[in-house]
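Structural description and commentary
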Amino acid sequence: MLSRMAQLRSRGFPHVSAAVSPALWNFHGKAGMGAASPISSLRAPEMMCFQCEQTSANKGCTIVGVCSKTPQLAGLQDLQMLYNLHLCQLAHGSKFSGEVEQECRNLLLESSFATLTNVNFDDDRFRGYLRRSADLAETMAAQMASAPPPPPGLPSKLPDDRKALLLSAGPAGLIARSALVGHEDLFGVVEMATYGWKGTVAYFYHAEQLEAGDAVHSEAERAEVYQEFYRIGSYLAKAGSRPPSDRNALDEALGECLAVGALNLKVMKMLDAAHCHKFGSPSPVDVTTSPRLGAHSILVSGHDLGTLHSLLEQTQDQGVDVYTHGEMLPAHGYPGLRKFEHLRGHYGTHWGNQLQEFRHFPGAILMTSNCLRPPTRKYSDRLWTAGPVGFHDIPQITNDDFRAVIDKALNLPVFDEASAKSSAQHGVQAKTLTTGFGHAAVLSIADKLVDAIKTGALKNVFVIGGCDGTEGTRNYFTDLGLSTPQDSLILTLGCGKFRLNSHDHGTLEGIPRLLDMGQCNDAYGAVVVATKLAEALECSVHDLPLHFAVSWFEQKAVAVLLTLLHLELKNIRIGPAVPAFLTPKVVEVLNAKFGLKGIQVAHEDDDLADMLQGH
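In this text, all values refer to a predicted model and were calculated from it rather than measured experimentally.

So, about the overall build of the protein. On a plain count of helices and strands, the protein comes out with 21 helices and 15 strands. Taking 2.2 N^0.38 as the reference for a compact globule, 615 residues should give roughly 25 Å; the C-alpha atoms of the protein span a radius of gyration of 24 Å, in line with that estimate. Taken along its principal axes, the extent of the C-alpha atoms in the protein is 70 × 60 × 45 Å. For the protein, with 615 residues in total, the buried portion stands at 60%. Total accessible area on the protein is roughly 23300 Å²; 50% of this is exposed by carbon and sulfur atoms. Once the 53 positive and 65 negative side-chain charges of the protein are each reduced to a mean point, those two points are 4 Å apart.

The next subject is the pairing of strand β9 (residues 488–492). Within β9, five of the five residues are buried, leaving the element largely enclosed by the surrounding structure. A two-sided burial pattern is seen for β9, the buried positions comprising S488, I490 and T492 on one face and L489 and L491 on the other. Inspection of the sheet shows strand β8 (residues 460–466) paired to β9 by four bridges, in the parallel sense. Residue pairing across strands places V461 opposite L489, the latter belonging to β9. In this region the chain leaves β8, passes through helix α17 (residues 475–483) and returns to the parallel neighbour β9; the handedness of that crossover is right-handed. Bridge count between β9 and strand β12 (residues 514–516): three bridges; the pairing is parallel.

By volume, the largest pocket is sized at about 890 Å³. Every element with two or more residues in the lining of the largest pocket is listed here: α3 (98–114), α4 (123–142), α7 (184–209), α8 (219–239), α9 (249–279) and α10 (305–315). Residues of the lining of the largest pocket, tallied by class, amount to nine nonpolar, 14 polar and 13 charged.

Below, the discussion takes up the pattern of salt bridges. By the definition in use, this model includes 26 salt bridges. Of the charged contacts in the structure, one is a salt bridge between E101 and R105, with a shortest N-O distance of 2.9 Å. Residue E101 and its partner R105 are located together in helix α3, separated by four residues, close to a single helical turn. Judged by relative accessible area, R105 falls into the buried class, the value being 5%. The salt bridge involving D487 is made with K459; its shortest N-O contact spans 3.7 Å. With D487 in the loop between α17 and β9 and K459 in the loop between α16 (446–455) and β8, this pair connects stretches of sequence that are 28 residues apart. Using a relative accessible area of 23% as the deciding quantity, one classes D487 as partly exposed. Each of E101, R105, E208, E219 and R222 takes part in a single network of salt bridges with overlapping partners.

Let us now look at the sheet that holds β8. With parallel pairing, the six strands of this open sheet are ordered in space as β12-β9-β8-β13-β14-β15. The sheet is open, and its two edges are formed by β12 and β15 (597–598), each paired on a single side. Here strand β13 (residues 546–551) runs beside strand β14 (residues 573–575); their pairing, made up of three bridges, is parallel. Paired with V550 across the strands is I574, a residue of β14. Contacting β8, β13 and β14, helix α21 (residues 604–612) runs over the sheet at an angle of about 135 degrees to β8.

Tracing the chain through its elements places H206 in helix α7. Those residues in contact with H206 that lie beyond four places of it in its chain are F113, L271, H303, D304, S369 and K556.

Quick look at the packing of α3 against α8 now. Between α3 and α8, the least distance of the axes is 12 Å, while the angle of their chain directions is 60 degrees. With respect to α8, the axis of α3 lies oblique. Two packed elements cross with a definite hand, and for α3 against α8 that hand is left-handed. Between α3 and α8, the contacting residues are E101, C104, R105, L108 and L109 on the first element and E219, R222, A223, Y226 and Y230 on the second. Among the residues forming the contact of α3 with α8, the class breakdown is six nonpolar, no polar and four charged.

We now examine the packing of aromatic side chains. Inspection of every chain in the model, using the stated rule, returns 18 aromatic pairs. Taken together, a centroid distance of 5.1 Å and an interplanar angle of 70 degrees make the contact between Y195 and F581 edge-to-face. Taken together, the residues Y195 in helix α7 and F581 in the loop between β14 and α20 (584–594) connect sequence positions 386 residues apart. For Y195, a relative accessible area of 5% puts it in the buried group. With a centroid separation of 4.7 Å and an interplanar angle of 40 degrees, the aromatic rings of W351 and F553 are classed as tilted. Of this pair, W351 sits in the loop between β4 (343–346) and α12 (354–360) while F553 sits in the loop between β13 and α19 (555–566); the two residues are 202 residues apart in sequence, bridging distant segments of the chain. Side by side, W351 and F553 carry an identical accessibility label, which is buried. Here the aromatic cluster, defined as three or more aromatic residues joined through ring pairs, consists of W197, F204, Y226, F229 and Y230.

The five strands lie next to each other as β4-β3-β2-β5-β6, forming an open sheet whose pairing is parallel. Strands with a single pairing partner mark the edges of an open sheet, and in this sheet they are β4 and β6 (383–385). For this sheet the average axis-to-axis angle between neighbouring strands, irrespective of direction, equals 25 degrees. Note that strand β2 (residues 296–301) and strand β3 (residues 320–324) share five bridges and pair parallel. Bridge assignment links S297 to a residue of β3, and that residue is D321. Sheet contacts for α10: β2, β3, β4 and β5 (364–367); angle to β3, the most-contacted strand, approximately 165 degrees. Along the sheet, helix α13 (residues 403–410) makes contact with β2, β3, β5 and β6, crossing β2 at roughly 135 degrees.

Buried together is how nonpolar side chains tend to be arranged in soluble globular proteins. Core analysis: the biggest nonpolar cluster contains 182 residues, and L79, M140, W197, F204, I298, L337 and I572 have the highest contact counts within it. Looking at this core element by element, the count peaks at 15 residues for α9. Sequence-distant contacts of I572, that is, excluding residues within four places in its chain, are made with F548, V550, L561, L564, L565, G595, L596 and K597. Within the second largest apolar cluster, twelve residues are counted, among which are Y476, F477, A549 and M611.

The gaps left among the atoms become clear once a water-sized probe is rolled over them. Tallying each qualifying case throughout the model produces eight cavities of 30 Å³ or more. Put simply, the largest cavity is a space of about 280 Å³. Around the largest cavity, the lining comprises 24 residues; the ones closest to its centre are D78, M81, R177, E191 and Y195. Among the elements of the structure, α2 (71–91), α6 (174–181), α7 and α8 are those that each provide at least two residues to the lining of the largest cavity. The dominant element in the lining of the largest cavity, judged by the number of residues it contributes, is α2, at six residues.

Reading the values: rules and limits
Residues numbered from 1 in each chain as written. Predicted model: local features only at pLDDT ≥ 70, side-chain atom pairs only at ≥ 80, totals over all residues. Heavy atoms only, no water. Helix = DSSP H or I, 4+ residues; strand = E, 2+ residues; numbered from the N terminus. Rg over C-alpha atoms; globule rule 2.2 N^0.38 Å. Buried < 20%, exposed > 50% of the residue type's maximum accessible area, 1.4 Å probe, protein only. Areas by Shrake-Rupley, 256 points an atom, 1.4 Å probe, with all protein chains shown as cover. Lys, Arg positive; Asp, Glu negative; His and termini not counted. Charge placed at Lys NZ, Arg CZ, Asp CG, Glu CD. Pairing = 2+ DSSP bridges. Right-handed = clockwise from strand over helix to strand, strands pointing away. 1 Å grid on protein atoms, 1.4 Å probe; cavity = no way out; pocket = protein on both sides within 12 Å on 5 of 7 lines; lining within 4 Å. Points joined across faces, edges and corners; volume = space filled by probe spheres on them. Nonpolar A, V, L, I, M, F, W, Y, C, P; charged D, E, K, R; others polar. Salt bridge = Lys/Arg side-chain N within 4 Å of Asp/Glu carboxyl O. Contact = heavy atoms within 4.5 Å. Axes fitted to C-alpha atoms, helices over the stretch in contact; angles between N-to-C directions. Parallel < 35°, antiparallel > 145°, perpendicular 65-115°, else oblique. Left-handed = near helix turned anticlockwise from the far one by under 90°. Phe/Tyr/Trp six-rings, centres within 6.5 Å; stacked < 30°, edge-to-face > 60°. Core = buried A, V, L, I, M, F, W, Y, C linked by side-chain atoms within 4.5 Å.

Written out as structure tokens, the structure reads:
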């Protein structure tokens, strides 16, 4: 077998060199590595990141991230994730005091979420997370009769010096850990499980922030979810830092990927229940994209509906209109959010267009979750972040206090005809967008859908959506949607909806052919609809004329994909590119077992023909 360094070079990573060999680092407790080298003799670890779809050349970012993540930030995030997996080792099956357990939960959710693509670019935030993690790990270990050893990539003591801290991050990175595993196929599958785990953590962060209480899920249910996070995290800590122990290691890793999918299904269900409990079940609504002239304004992007609700409460009667952006569009479908009259409409499209769209928005801007792009000077002085989101020199909202955002909005220009015209040129072209087709709304017309299937009026259902990105190849999803036959419906969700929702797809039996089911986590709703339709038709979900074309970008999308695989749904197409962390051999295995395949960019007609044939 080729060495991991040679494998990385063969896959296009020319910057991997002996300078970053694991032998240069003092691995925590690793026998045979020798004494620590003096800091002055070491280089900062080289970057290697391939967790998102837009990774450089679909191989990996080795100099700077396509997302603009620096090698320093990448190192801090790698180290943070390894600390988080060690916290899982300590917490799995153990009982700690309420205070320690709560700190473990809070830190694990927020800091893991912060490592997702385009969430947090603030080195200082990660230094703070790391200090909390090291202190907490020490506290937890001290309370245990026999604490599990940490992964070999963790330092024996977290350095306080910034340079030393960066150097200590090297053994936590992909290059060092993959060298320890020494099995490229296995390492890629373990990374897939890790990215799906991170995406699931992000969804659970949103659910926990809503504080829906026992009316939605009990403490016992929440504890069960945390323990499964801990169990899988404990597995990842070991599997991602050591050679395979037997021939079944790859099968075990694939099994853990499906376990992540099962956990994500449960978490998405809990998030859906919390949203509906707090804000009511979504129902269809037409949302204007035309701003109200003469009013001050705030734009809210991201995913966090709880943060939006708090802002709406604080801006009531303040003379400020609030607009949604990106995946906040589905907020208008919830009765408890659209009851606020100053929630005026939607502005812009998906996250990838924010550099232009934010520039032309005249008011203040609040980013509640991913995806944040490094802001330009055109709007950085009127941008705030919330929750796990961060960027250096951009103010952070704490304790849900939006006074500074409101004051800024009141001191910025109002929407006038010129700014409205400029906004229209750089945003959604449609005058209205329809959203709110949650699973309850779709199932309210289930009898019509069942009748349409039985009579042959409805022959196919396509699920087209997911996480959007900036490549032109993503027009595949627009073209596929426009090519679908008129005797079909399209379910869409996530920010991938913006590839479809500016087009008129017509109606079928009085039902809109394009049904926007919500945010990416509302993939749960699509599962519910499919399950209920199968029950009504007395067949299996696998017997439904259901076709998936999934646009993926970051780790939440990986979590959703693993859920679909857990449900044994077949012939899913993903794109624009197949994940770089999967080797050709693993792709072959997933194709053989699940029919998972990449899209054929610029050949959506061929893919459509295959879908209609059941392939």
